[in-house]
Every structure is written in structure tokens, then in C-alpha cells.
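A closer look at the structure
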Amino acid sequence: MKADSGRQEHGGHQKFEMKQETIERIRKFTEDRDWEQFHTPSNLAKSISIEAGELLECFQWSDTDFDREHVKEELADVIVYCQNMLDELGLDADEIVNAKMDKNEAKYPVEKAKGNALKYDKL
């Protein structure tokens, strides 16, 4: 969730970046309601999981017939809670995602993983 200029195309996909003003809006929303007191790591992890479940529910009976607006709302909820978790733990999204990508690239080398969905220990 890099704070930057907004959307850009990357390999045919939208590049995910969140503007600093959006991050500040999330923080202000929380602060104005005095909700920081509830934003413990475990509460935020639960909330991320709950909202991810609601996102999954959008696809419960069909992979192709879903309400795009509802998906956007639930995805936004997940992203907001993830930003809250980053803030609570003092983490940088780019840093932690790149660290995880380093591990994933080592576990799933292209020459072994390309074109299949096997778990790394089955490659």
C-alpha cells in the first residue's frame, strides 16, 4: 500500500498504490471516532479475516456472476483494516511485501512452478 500518485498500468493490471491523502483519511476516520483503543493486532487480524470472508461470500455460488460494487466495498474494508494493522505495528507495506516476495521467489522458482499450482514442497 504505497503512498504515491495513484493508479498506473503494470503488465496489463492496475498497479496498487494508495495515495497519502487516502491513508490520512483512513487514519482521521479512526482518530475522530476514538477507535485506536480497539485496534490491537489481534482485533485487526480478526477484522481482516471477517472482511475477507465477506469478500469471499461475493463469489459463494458463482465465479463469474457477482456484484462488482459489493466486491469493491468488501475489498475496500480489507484494505482499510490492513492499513490500520500497518499503522498499529509500525510497518511499511512495500518493505514487508518485498521481503515476502523474496521468500516466495525462492520457494517457487519459475523453472519449477510455472504453469502449475502445486505447493512449494510438492514441486
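To start, this report covers the structure provided alongside it. (Residues numbered from 1 in each chain as written. Predicted model: local features only at pLDDT ≥ 70, side-chain atom pairs only at ≥ 80, totals over all residues. Heavy atoms only, no water.)

Focus on the pattern of salt bridges
Which entries qualify depends on this criterion: The salt bridge definition used is simple: a Lys or Arg side-chain nitrogen within 4 Å of an Asp or Glu carboxyl oxygen. Runs of H or I in DSSP of at least four residues are treated as helices and runs of E of at least two as strands, each being numbered from the N terminus. Partly exposed describes any residue whose relative accessible area lies between the buried limit of under 20% and the exposed limit of over 50%, with all areas from a 1.4 Å probe on protein chains only and scaled to the type maximum.
Across all of its chains, the model carries 4 salt bridges by this definition. Asp87 is the partner of Arg27 in a salt bridge, and the nearest nitrogen-oxygen pair spans 2.7 Å. Remark: Asp87 occurs in helix α3 (residues 68–89) and Arg27 occurs in helix α1 (residues 20–32); sequence separation between them is 60 residues. Across the pair Asp32 and Lys28 runs a salt bridge whose closest N-O atoms are separated by 2.6 Å. You can see Asp32 and its partner Lys28 sitting in helix α1, 4 residues apart, about one turn around the helix. On the basis of relative accessibility, which here comes to 48%, the residue Lys28 falls in the partly exposed class. Several salt bridges converge on common partners, so that one network encompasses Glu24, Arg27 and Asp87.

Some words on the packing of helix α2 (residues 41–57) against α3
When two helices pack together, their arrangement is given by the angle between their axes and by how far apart the axes lie. The condition that has to hold: A fitted line through C-alpha atoms represents every axis, and for helices the fit uses only the stretch in contact; the resulting angles, taken between N-to-C directions, go from 0 to 180 degrees. We call two directions roughly parallel when the angle between them is under 35 degrees, roughly antiparallel when it is over 145, roughly perpendicular when it lies between 65 and 115, and oblique otherwise. Handedness of a crossing follows from how the near helix is turned relative to the far one, being left-handed for an anticlockwise turn of less than a right angle and right-handed for a clockwise one. Contacts between residues were defined by any pair of non-hydrogen atoms, one from each residue, lying within 4.5 Å. Residue polarity follows a fixed list, in which Ala, Val, Leu, Ile, Met, Phe, Trp, Tyr, Cys and Pro are nonpolar, Asp, Glu, Lys and Arg are charged, and the others, Gly among them, are polar.
Orientation of α2 relative to α3, taken along the N-to-C sense of each, is 165°, at an axis distance of 9 Å. Here α2 is positioned roughly antiparallel relative to α3, judged by the angle of their axes. Judged by the sense of rotation from one axis to the other, the crossing of α2 with α3 is left-handed. Taking contact as the criterion, the partners of Pro41, Leu44, Ala45, Ser47, Ile48, Glu51, Ala52, Glu54 and Leu55 in α2 are, on α3, Val71, Glu74, Leu75, Asp77, Val78, Tyr81, Cys82, Asn84, Met85, Glu88 and Leu89. Class assignment for the residues of the contact of α2 with α3 results in 13 nonpolar, 2 polar and 5 charged.

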